[in-house]
Structure formats: C-alpha cells, structure tokens
Amino acid sequence: MRTAPTILHLDMDAFFAQAEQASKPSLRGKAVVVGGIGPRGVVATASYEARVFGVHSAMPTAQARRLAPHAAYLTPRGGFYRSISEQVMGLLRQLSPLVEPLSLDEAFVDLEAGGVAWDSASSRLVGVRLRAEIREVTGLTGSVGLAGSKMLAKIASEQAKPDGLVLIEPGTERALLGPMSVRTLPGVGPATGDHLRRAGIATVDEIVEAGEDELVRLLGKAHGHGVYAMALARDDRPVVAEREAKSVSVEDTYDVDIHDRTRIGLEVQRLAERCVRRLRGAHLSGRTIVLKVRRYDFSTLTRSETLRGPTDDVAVVREAAARLLDAVDTTGGVRLLGVGVSGLADYTQEDLFAQAAEAAAAADAAESAETAEVARIVRERAEGGQEAEADRPPGPEGAQPVERRWHPGHDVRHTAYGPGWVQGSGLGRVTVRFETPYSGPGRVRTFRVDDPDLEPAEPLPLVPEPSGGGEAVGRAHA
Ligand SMILES: [Mg+2]
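Worth saying up front: this structure is predicted, and the values here are computed from it rather than measured.

A. The arrangement of the UniProt feature "site: Substrate discrimination" (unreviewed entry) in the chain in detail. Listed under "site: Substrate discrimination" (unreviewed entry) in the UniProt record, and renumbered for this structure, are Phe16. Overall, Phe16 belongs to the buried group, with 30 C-beta atoms counted inside 10 Å.

Here is the structure:
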C-alpha cells in the first residue's frame, strides 16, 4: 500500500457498445447490445441505455431480447475493437513502462514507475490528461481510478463510471471499504461470498470484526489470510508489465457448427499445420501444445500436453493435437477450434537439426509473410482478446462458405451509396444503413444478398485521419 495514489486503473466505458455508437450515428443514445446474435449467443457488452432494461454482459442474448426487444443487436467487430485497444494501450505506455492490461479495454498503470506522478495532485493531473487524450485519439470515453493499490484503483474506476475520474486519498481506504460488500474484495467470488454470508459476514467491516483467525477457519489458511489483508486495504500487489510472447496460436470460428468427428479432426490437423508455420516464421519452438474447443453452447475447453523438449515439428504438433482432441466430447457440435504452442524457446537453444529445418522453412516466402502477424496474435492473447472473437468470420482457409454472410453491424460499401453497415438480413435480402462516424444518421436501403454492387468493407476510424496519411485503422486486419 503506497502513501500516494500513483496506481492508475483505466476502464473504457461499455467499450464495444460505445465503439459501435461512435461508428453508427443512428445508434447514439439508443440501446445497443453487442454479442453473439444466434439462438445460443451471449451478450459481450450492453450500452448504458440497454443496461437500464437489465441487460448485462454474459447474459444469454435471447434473454436480453426479451428485456430489450427494441435494442440494436450487433455482431462484434473484433479487429476494430483491437485496433482501438492498441491506441489506448499505446497512450498508457507513454506514461509508464509498467502497464498491465487485464483485457482489451482495461489496464493498471504504475505512474510512479513512469516518473509522471508522486502525489495526489500530480496523479490527478495525469488522469485528467489521459482521459482527454483517449477522447482525442479514439473518440471514446474511459474512466480512471487512482489509488495507492490495485484493489482500490479498480474500485475507484468503478465508482467513476461512466466518463469520470475518482481518486482515493491514501488514509481514507478503510472507511471507504468498510460498508462495501465482501464481493468487492479480490479473491471473493460468488462461492466465497455465499460461504461468508452464511457465516453472517456480508460487508468488509464484518470481516474485520470477525478477525483473522475466524477468516482462516472459514476459508482456509492461504485464502483466509489473503482476504483478511484485503479487508484491511493491505494490497501490495505490484503492477506487472505485459510479458513477452508466451504462445503462438491460430483458431477458426465456423459459421455453422461442425458435428462430423472426422471433419473436426481434419480441421485440427489443418490448424496444427498453420500454427507450426507461424511458429517457424517467428523463429520459435515450444514445449506445450494447446487445443481450444468452443462448443455449440459457447462453453470453451482448453486441453494441453507438455512435451519433453521444445519442438517446431509439424508431425509432432499434429499428433499431440489429435491426442488432445480424442479426450474432448464434441457431441452437439463445435463452433470454434484453435491450436497453440506455448512454453516457447528461441532456436538458439535448439540443436543443429532444428536450425537446419528453420533455414529450409525460411525459404518459403508464404511463411515469412506471416511473421509480422505473430506479434499481433500473441498480443491479443496477452490482452485477453478472446471476448471479441465470438463471431469472427472464418479466415481465408476457413470452411469456404457457399454464400456471403452479412453480419449485423459489420461494415459494407456500395458502389453507388458508399459506406454503410448491415442492419439485418434474411429471406435473400440485406438491409444496409448508409452512415459514417462523421455523418448524421443515415438512410436504410435493401438489397438482394448477392447484389454485386455491395461488398464487405474495412471499418472507418472513429477520428478522421489527418490528411496526408496517418495510421489506418484497418491495419489490424492485415
Ligand atoms: Mg470496460
């Protein structure tokens, strides 16, 4: 616990929904739900206007539709959110080398380590400026919490929402925490919360009154001591900078769930080959093979196997992935498969055989083209990009959809009417609203799904690029 509030927690406000409202003028001030829109989909983010109806993230979309039937239901644009996230994280890294992303839109920053703040006044100034910069660069709002520990910085940003800043003065933590629910404390999830409540402990003050011995008796030694320390606002967890690349992985989402076991096996083999190409392209090898399976009901399993030494051998990775798949029940179908390799090592640690194999692999131009992408994929892992993947269309090697799919919310361009977004489709028709982040609310037009004048497009940046270049938002889609 520091004596100055130099730990900053940033959390973008209703991130995906806010990005959609900024992109689509007709949705500003309206209820917007971003998530899986199919019968089994779940809500990723709801706009504040939709939360009024009780819609929240992780809720089944079907339930959200009953609560807010008139909201706009949009498929996530993962690449677009990631490109905004990169801009935000870039601003945070200008403040300090110690930036710890928790997800695409949330991170801790150690301001003291960056030398930009040392007391309440300087911390507040950094927070105010950061919020203004985020607004200027991304066009979106984020909330900032400042405190002497990670726990309290996160509580502060929660209190600041939406579009605010809260600084918790050191010395006031205990009084602030006291009346709060035990669930506020890190390490107290639903199960621990229930357990404590049955023992008559509902607030943080009641934990302190119960005493450390009682907490240890209720929760066990390690957990009890930890929760008791948090209740006293004793949180010395450091901000840990984003680590180096720890894994290389590839995955595909399928438009239609795959049921056929043989087909699933073939897809896994194909992903294993692609993963090894990326691994070699990045001059890496790894020890642990990871298989990821998202089933029809959105439950996601990961299974892994650790080898005796690092490998970049496609046969070894294929076999390991196949063994892992054998142990997974795919009854009901799968909607996403992924193969990854972690426990990475440089080729310098490898034997001469591996180096020779690497030299041969480097001759393949197609592989080297993927090298640049590896850094991005690894970063996505580190930033917990999974939440944005729900409905990403399959990659170029995907299951060759017979017809073009028009995902609600995704970007299109019409040769005559220009840029717009898919409002809905069905019965051979697709409706498109023609508007841009910089226009007023636009008009809706309907086309046949196979209209040759209509094609998918890259998202437009929320803040217009200065003339004469600048970074393209579409960059992240390369
Ligand atoms: Mg957020």
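Next comes the rest of the write-up.
B. Geometry of the sheet that holds strand β3 (residues 43-46). If you trace the 3 strands from one edge of the open sheet to the other, you get β3-β2-β4, paired in mixed fashion. Of all the strands in the sheet, just β3 and β4 (72-74) have a single pairing partner and so form its edges. Geometrically, the sheet is characterised by an average inter-axis angle of 25° between neighbouring strands, direction not taken into account. Sheet analysis places strand β2 (residues 32-35) next to β4, joined by 3 bridges and oriented parallel. If you follow Val32 over to β4, its bridge partner there is Ala72.

C. Structural view of unusual backbone geometry. For the peptide bond that leads from Lys161 to Pro162, omega is -15°, which places it in the cis range. Despite not being glycine, Ala58 has its phi angle at roughly 75°, a positive value. Examined against the element boundaries, Ala58 turns out to sit in the loop between α2 (48-51) and α3 (61-67). Even without being a glycine, Leu427 presents a positive backbone phi close to 50°. Structurally, Leu427 is set in the loop between β14 (418-426) and β15 (429-434).

D. View of the nonpolar core. Counting residues in each nonpolar core, the largest one holds 74 residues, and the members touching the most others are Val32, Val33, Val109, Ala156 and Val227. By residue number, the principal contributor to this core is helix α6 (residues 150-160), which donates 6 residues. If we ignore the near neighbours within four places in the chain, the residues touching Ala156 are His9, Gly145, Leu146, Ala147, Val166, Leu167 and Ile168. Counting residues in hydrophobic clusters, the runner-up holds 26 residues, among them Leu271, Ala282, Leu324 and Leu337.

E. Representation of helix α11 (residues 221-231) in the model. Regarding α11, the residues found buried are Val227, Tyr228, Met230 and Ala231. Down the axis, α11 shows its buried residues gathered within 160° of arc, on one side only. Facing away from the buried side of α11 by over 90 degrees, the exposed positions are Lys221 and Ala222.

F. Structural view of the sheet that holds strand β5 (residues 99-103). Read across the open sheet, the 5 strands follow the order β5-β6-β1-β7-β8; overall the sheet is mixed. Every other strand in the sheet has two partners, leaving β5 and β8 (165-167) as the edge strands with one partner each. On average, each strand axis in the sheet is tilted by 15° relative to the strand beside it, whichever way the strands run. Here 3 bridges tie strand β7 (residues 142-147) to β8, and the two strands are oriented parallel to one another. For Gly145, the partnering residue across the bridge sits in β8 and is Val166.

G. Quick peek at the confidence of the model for the chain. For the chain, the average pLDDT comes to 84, and 84% of its residues sit at 70 or higher. Taken as a whole, residues 347-402 scores under 50 in pLDDT and shows 83 contacts with residues more than four places along the chain or in a different chain.

H. Highlighting the environment of Pro441. Looking at the element boundaries, Pro441 is found in the loop between β15 and β16 (443-448). With 11 C-beta atoms packed within 10 Å, Pro441 lands in the exposed category. Residues Pro441 and Ser26, 415 residues apart in the sequence, show an inter-C-alpha distance of 4.4 Å. Here Pro441 is in contact with Pro25, Ser26 and Glu435, once residues within four sequence places are set aside.

I. Inspection of helix α4 (residues 78-93) at higher detail. Spanning 16 residues, α4 covers 22 Å between terminal C-alpha atoms, matching the ideal 22 Å at 1.5 Å per step. Among the residues of α4, those classed as buried are Gly78, Gly79, Phe80, Tyr81, Ser83, Ile84, Ser85, Val88 and Leu92.

J. Spotlight on the pairing of β7. Burial runs high along β7: 6 of the 6 residues are buried. Side chains Gly142, Val144 and Leu146 project from β7 onto one buried face, and the interleaved Ser143, Gly145 and Ala147 project onto a second face that is buried too. Sheet analysis places strand β1 (residues 7-12) next to β7, joined by 6 bridges and oriented antiparallel. Paired with His9 across the two strands is Gly145, which belongs to β7. On the question of chirality, the crossover connecting β7 to the parallel β8 by way of α6 is left-handed.

What counts as what
- Residues numbered from 1 in each chain as written.
- Predicted model: local features only at pLDDT ≥ 70, side-chain atom pairs only at ≥ 80, totals over all residues.
- UniProt positions renumbered as here; feature names shortened; annotations may be inferred.
- Buried ≥ 20, exposed ≤ 12 C-beta atoms within 10 Å, placed from the backbone.
- Pairing = 2+ DSSP bridges.
- Helix = DSSP H or I, 4+ residues; strand = E, 2+ residues; numbered from the N terminus.
- Axes fitted to C-alpha atoms, helices over the stretch in contact; angles between N-to-C directions.
- Core = buried A, V, L, I, M, F, W, Y, C linked by C-beta atoms within 7 Å.
- Contact = placed C-beta atoms within 7 Å.
- Arc of directions from axis to C-beta.
- pLDDT = per-residue confidence, 0-100.
- Expected span 1.5 Å × (residues − 1).
- Right-handed = clockwise from strand over helix to strand, strands pointing away.

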